[in-house]
Amino acid sequence: SQTIHQWPATLVQPVGSPLSLECTVEGTSNPNLYWYRQAAGRGLQLLFYSVGIGQISSEVPQNLSASRPQDRQFILSSKKLLLSDSGFYLCAFFLGEFNSPLHFGNGTRLTVT
Amino acid sequence: AQRVTQPEKLLSVFKGAPVELKCNYSYSGSPELFWYVQYSRQRLQLLLRHISRESIKGFTADLNKGETSFHLKKPFAQEEDSAMYYCAPPNNAGNMLTFGGGTRLMVKP
């Protein structure tokens, strides 16, 4: 069966510091991968998605970037964190079959101080 | 674009009362919708999907094409139903998947 791992679970970083959150999927190949942010009172916001290695899409201008160096690895990064980057970040994968659900990781709670 | 809206950010009911979490969609094509749930300290997970016509944990969701809605219902709420609920459109490769804003359900004893 497929599993998704996301780390770290919690992170406290000062303003201006870099960020790297990692997400890996096991048990499948060529999944669609997603990064979401869940901010208090604002629901789920899609940040990036990827349909293959090196393919990253985003329509939300922001301080963050994403990369997919390997088929089952998805990384969320920032060169300099802002206070507004605080939130709960969720990685998810989708196997590409019509009407299949998204499968989410446990999330990372990021606090920028 | 496939979009869903959840008009209520917070819904508070007493244990045993009926619950209806609203979701409206606005896109063409086959509206195969999903409900996801996030319990405290647990990962966001699928609750049910329209295509399965299933009842999970006493919850059902009926697609109403006339009202373009996919409301989530349960006749008698339990305290363990307290969670964050998201309505979502179907997944298509490469699409930007926009969830509804989410509704926090609080079931009071």
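Cut-offs applied
Residues numbered from 1 in each chain as written. Chains lettered and ligands numbered in written order. Predicted model: local features only at pLDDT ≥ 70, side-chain atom pairs only at ≥ 80, totals over all residues. Heavy atoms only, no water. Helix = DSSP H or I, 4+ residues; strand = E, 2+ residues; numbered from the N terminus. Contact = heavy atoms within 4.5 Å. Areas by Shrake-Rupley, 256 points an atom, 1.4 Å probe, with all protein chains shown as cover. 1 Å grid on protein atoms, 1.4 Å probe; cavity = no way out; pocket = protein on both sides within 12 Å on 5 of 7 lines; lining within 4 Å. Points joined across faces, edges and corners; volume = space filled by probe spheres on them. Nonpolar A, V, L, I, M, F, W, Y, C, P; charged D, E, K, R; others polar. Phe/Tyr/Trp six-rings, centres within 6.5 Å; stacked < 30°, edge-to-face > 60°. Buried < 20%, exposed > 50% of the residue type's maximum accessible area, 1.4 Å probe, protein only. Lys NZ or Arg CZ within 6 Å of the ring centre and 35° of its normal. Pairing = 2+ DSSP bridges. Axes fitted to C-alpha atoms, helices over the stretch in contact; angles between N-to-C directions. pLDDT = per-residue confidence, 0-100.

**Some details on the overall build of chain B**
- A tally of regular secondary structure across chain B gives zero helices and 10 strands.
- Here the contacts in chain B between residues at least 6 apart in sequence split such that 59% fall between residues at least 24 apart.
- Carbon and sulfur atoms make up 51% of the accessible area of chain B, which amounts to about 5400 Å² in all.

**A word on the layout of surface pockets**
- Within this model, the largest pocket holds a volume of roughly 550 Å³.
- Along the wall of the largest pocket there are 26 residues; nearest its centre are Gln38, Phe88 and Arg109 of chain A together with Gln38 and Arg104 of chain B.
- Sorting the residues of the lining of the largest pocket by element identifies β4 (32-39) of chain A together with β9 (83-88) and β10 (103-108) of chain B as the ones contributing at least two each.
- Split into classes, the residues belonging to the lining of the largest pocket amount to nine nonpolar, 11 polar and six charged.

**Concerning the packing of aromatic side chains**
- Applying the stated criterion to the full structure yields 11 aromatic pairs over all chains.
- Arranged with centres 6.1 Å apart and planes meeting at 25°, the rings of Tyr34 of chain A and Tyr49 of chain A form a pair that is stacked. Pair noted here: Tyr34 of chain A is in strand β4 and Tyr49 of chain A is in strand β5 (residues 43-52), with a separation of 15 residues, a long-range link.
- For Tyr49 of chain A, a relative accessible area of 10% translates into the label buried.
- Ring pairs connect the aromatic residues Tyr34, Tyr36, Tyr49 and Phe104 of chain A together with Phe34, Tyr36, Tyr86 and Phe99 of chain B, which therefore count as one cluster.
- The positively charged end of Lys108 of chain B is found above the aromatic ring belonging to Phe14 of chain B, 4.4 Å away from the centroid.

**Topic: the sheet that holds β9 of chain B**
Residues and elements named next belong to chain B.
- Here five strands make up an open sheet; going across it, the order is β2-β10-β9-β5-β6 and the pairing mixed. The sheet terminates laterally at β2 (10-14) and β6 (45-49), the two strands that pair on one side only. With direction set aside, neighbouring strand axes in the sheet form an average angle of 25°.
- Bridge count between strand β5 (residues 34-38) and β6: four bridges; the pairing is antiparallel. Bridge pairing in β6 places Val37 opposite Gln45.

**So, the confidence of the model for chain B**
- Model confidence for chain B is summarised by a mean pLDDT of 86, while 86% of its residues fall at 70 or above.
- Per-element averaging of pLDDT across chain B places strand β1 (residues 4-5) of chain B at the bottom with 86 and strand β3 (residues 19-21) of chain B at the top with 97.

**Brief notes about the pairing of β2 of chain B**
Residues and elements named next belong to chain B.
- Of the two faces of β2, the one holding Leu11 and Val13 is buried and the one holding Leu10, Ser12 and Phe14 is not buried anywhere.
- As paired strands, β2 and β10 are joined by five bridges and run parallel to one another. Note on β10: the bridge partner recorded for Leu11 is Leu105.

**Observations concerning the environment of Pro8 of chain A**
- Along the chain, Pro8 of chain A falls in the loop between β1 (3-7) and β2 (10-13).
- The sequence separation of Pro8 of chain A and Leu83 of chain A amounts to 75 residues, and the corresponding C-alpha distance is 19 Å.

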